[in-house]
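Single-letter residue listing:
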Amino acid sequence: MDSYRIIQGNPDSSEEVSEINEFIDKVKKNIDTANFTINMAEKPLSEVADFLEIFVPELKVPESVQNNPVALQVENKTMKEIISDLG
């Protein structure tokens, strides 16, 4: 089983952007079996959902809760478990 770590940050170079895109491609191929560790600072739920939607396009957050702040702290869970926990 593959394991991925995601931390909040902004890429500083085109090389980092390329590495991030490569990472996302790998994750999409293994989305059902990969485990994730995610540490994101508090953000509106809509921003967290936008991030997760990169991996699971079907994810939709109800408009009524989109501005609620959340801090996503996940240790070693599958993406399906993470999304289930959110909603």
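Provided above is the structure to which this section pertains.
Anyway, here's the lowdown on the structure attached to this text.

What counts, and where the lines are drawn
Residues numbered from 1 in each chain as written. Predicted model: local features only at pLDDT ≥ 70, side-chain atom pairs only at ≥ 80, totals over all residues. Heavy atoms only, no water. Helix = DSSP H or I, 4+ residues; strand = E, 2+ residues; numbered from the N terminus. Buried < 20%, exposed > 50% of the residue type's maximum accessible area, 1.4 Å probe, protein only. Contact = heavy atoms within 4.5 Å. Core = buried A, V, L, I, M, F, W, Y, C linked by side-chain atoms within 4.5 Å. Salt bridge = Lys/Arg side-chain N within 4 Å of Asp/Glu carboxyl O. Polar contact = N/O pair within 3.5 Å; in protein donor to acceptor, adjacent residues only side chain to side chain. Arc of directions from axis to C-beta. Pairing = 2+ DSSP bridges.

### Digging into the overall build of the chain
Right, on to step 1. Per the secondary structure count, the chain includes 3 helices and 5 strands.
Right, on to step 2. Counting helices and strands in the order they occur from the N terminus, the chain gives β-α-β-β-α-β-β-α.
Right, on to step 3. Counting only residues that meet the buried cut, the chain has 31% of its 87 residues in that class.
Right, on to step 4. Sequence separation of at least 24 residues holds for 71% of the intrachain contacts in the chain that already meet a minimum separation of 6.

### Considering the nonpolar core
Right, on to step 1. With 21 residues, the main nonpolar core has Phe 36, Ile 38, Leu 52, Phe 55, Leu 72, Met 79 and Ile 82 as its most contacted residues.
Right, on to step 2. At the level of elements, helix 1 (14-29), strand 2 (35-39), helix 2 (45-53) and helix 3 (79-86) are the ones that each hand at least two residues to this core.
Right, on to step 3. A total of 5 residues in this core trace back to one element, the largest contributor, which is helix 2.

### With respect to the pattern of salt bridges
Right, on to step 1. Going through the model one piece at a time under the given rule, you end up with 1 salt bridge.
Right, on to step 2. Ionic pairing is found between Lys 43 and Glu 47, a salt bridge with its closest N-O pair at 3.7 Å.
Right, on to step 3. Among the residues examined, Glu 47 registers a relative accessible area of 39% and is labelled partly exposed.

### Thoughts on the side chain of Asn 35
Right, on to step 1. With respect to the helices and strands, Asn 35 occurs in strand 2.
Right, on to step 2. Reaching out from Asn 35, the side chain makes a polar contact with the side chain of Asn 76 at a distance of 3.3 Å.

### Digging into the side chain of Thr 78
Right, on to step 1. Looking at the secondary structure, you find Thr 78 in strand 5 (residues 73-78).
Right, on to step 2. Among the residues examined, Thr 78 registers a relative accessible area of 17% and is labelled buried.
Right, on to step 3. Non-local contacts of Thr 78, meaning those with residues more than four positions away in its chain, are made with Ala 34, Asn 35 and Phe 36.

### So, helix 3
Right, on to step 1. Along helix 3, the residues classified as buried are Met 79, Ile 82 and Ile 83. Across the axial projection of helix 3, the buried residues extend over an arc of 95 degrees, all falling on one side. Within helix 3, the exposed residues directed more than 90 degrees away from the buried face are Lys 80, Ser 84 and Asp 85.
Right, on to step 2. Looking at the packing, one finds that the buried side of helix 3 touches strand 2, helix 2 and strand 5.

### Here's the deal with the pairing of strand 2
Right, on to step 1. Of all 5 residues in strand 2, 4 are buried; the element is thus mostly enclosed.
Right, on to step 2. Looking at chain direction, strand 2 and strand 5 are connected through 4 bridges and run antiparallel. Across the sheet, residue Phe 36 finds its bridge partner in strand 5, namely Lys 77.

No statement about biological role is implied by the geometric values presented.
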